[in-house]
Amino acid sequence: MVERYVRLEKINDVKDFVEIVSRYDYKAEVISDTYILSAKSIMGIFSLDLTEPLKLRVHADDCDDLLADIASYLHDAE
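Quick caveat: nothing in here was measured; it's all calculated off a predicted structure.

The rules behind these values
- Residues numbered from 1 in each chain as written.
- Predicted model: local features only at pLDDT ≥ 70, side-chain atom pairs only at ≥ 80, totals over all residues.
- Heavy atoms only, no water.
- Salt bridge = Lys/Arg side-chain N within 4 Å of Asp/Glu carboxyl O.
- Helix = DSSP H or I, 4+ residues; strand = E, 2+ residues; numbered from the N terminus.
- Buried < 20%, exposed > 50% of the residue type's maximum accessible area, 1.4 Å probe, protein only.
- Contact = heavy atoms within 4.5 Å.
- Pairing = 2+ DSSP bridges.
- Core = buried A, V, L, I, M, F, W, Y, C linked by side-chain atoms within 4.5 Å.

**Some remarks on the pattern of salt bridges**
This model, assessed by the stated rule, comprises seven salt bridges. The shortest N-O distance in the salt bridge between Glu-29 and Arg-57 comes to 3.7 Å. Within this pair, whereas Glu-29 is found in strand β2 (residues 28-32), its partner Arg-57 is found in strand β4 (residues 54-58), the two being separated by 28 residues in sequence. Beyond isolated ion pairs, a larger network of salt bridges with shared partners links Glu-3, Lys-27, Glu-29, Lys-55 and Arg-57.

Laid out in structure tokens, this is it:
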């Protein structure tokens, strides 16, 4: 399992992020406070507080290809 933080600040960021993550077979979740949602759910992500970074959890040991594709959204933990 791989965990990183992502920051999605604009509507297009969410749309593009979901499009990219959906291309992969990995199970991926975004976590905000007590909410855990599919990273492939655009409506789910829009229901979260996007003013703070979201934790991305990918259920795979080797997902470097996905991480490279979403590199512009990756954010250091605060």
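**Looking at the environment of Leu-8**
For Leu-8, the position within the fold is in the loop between β1 (2-6) and α1 (11-22). Assessed through its relative accessible area of 1%, Leu-8 is described here as buried. Ignoring any residue separated from it by four or fewer positions in sequence, one finds Leu-8 in contact with Asp-13, Val-14, Phe-17, Ile-45, Leu-50, Leu-54 and Tyr-73.

**Brief notes about the sheet that holds β2**
In space, the five strands of this open sheet follow the order β3-β2-β4-β1-β5, with antiparallel pairing throughout. Edge positions in the sheet fall to β3 (35-38) and β5 (74-75), since each of these pairs with one other strand and no more. As paired strands, β2 and β3 are joined by four bridges and run antiparallel to one another. The residue of β3 that forms the bridge with Ile-31 is Ile-36.

**A closer look at the nonpolar core**
Membership of the largest hydrophobic core comes to 23 residues, with the highest contact counts inside it found for Phe-17, Val-30, Ile-45, Leu-56, Leu-66 and Ile-70. With five residues, the single largest contributor to this core is α1. When residues no more than four places from it in sequence are discounted, the contact partners of Ile-45 are Leu-8, Val-14, Phe-17, Val-18, Val-30, Leu-37, Ser-38, Ala-39, Leu-50 and Leu-54.

Take it as geometry only, folks, not as evidence of what the structure does.
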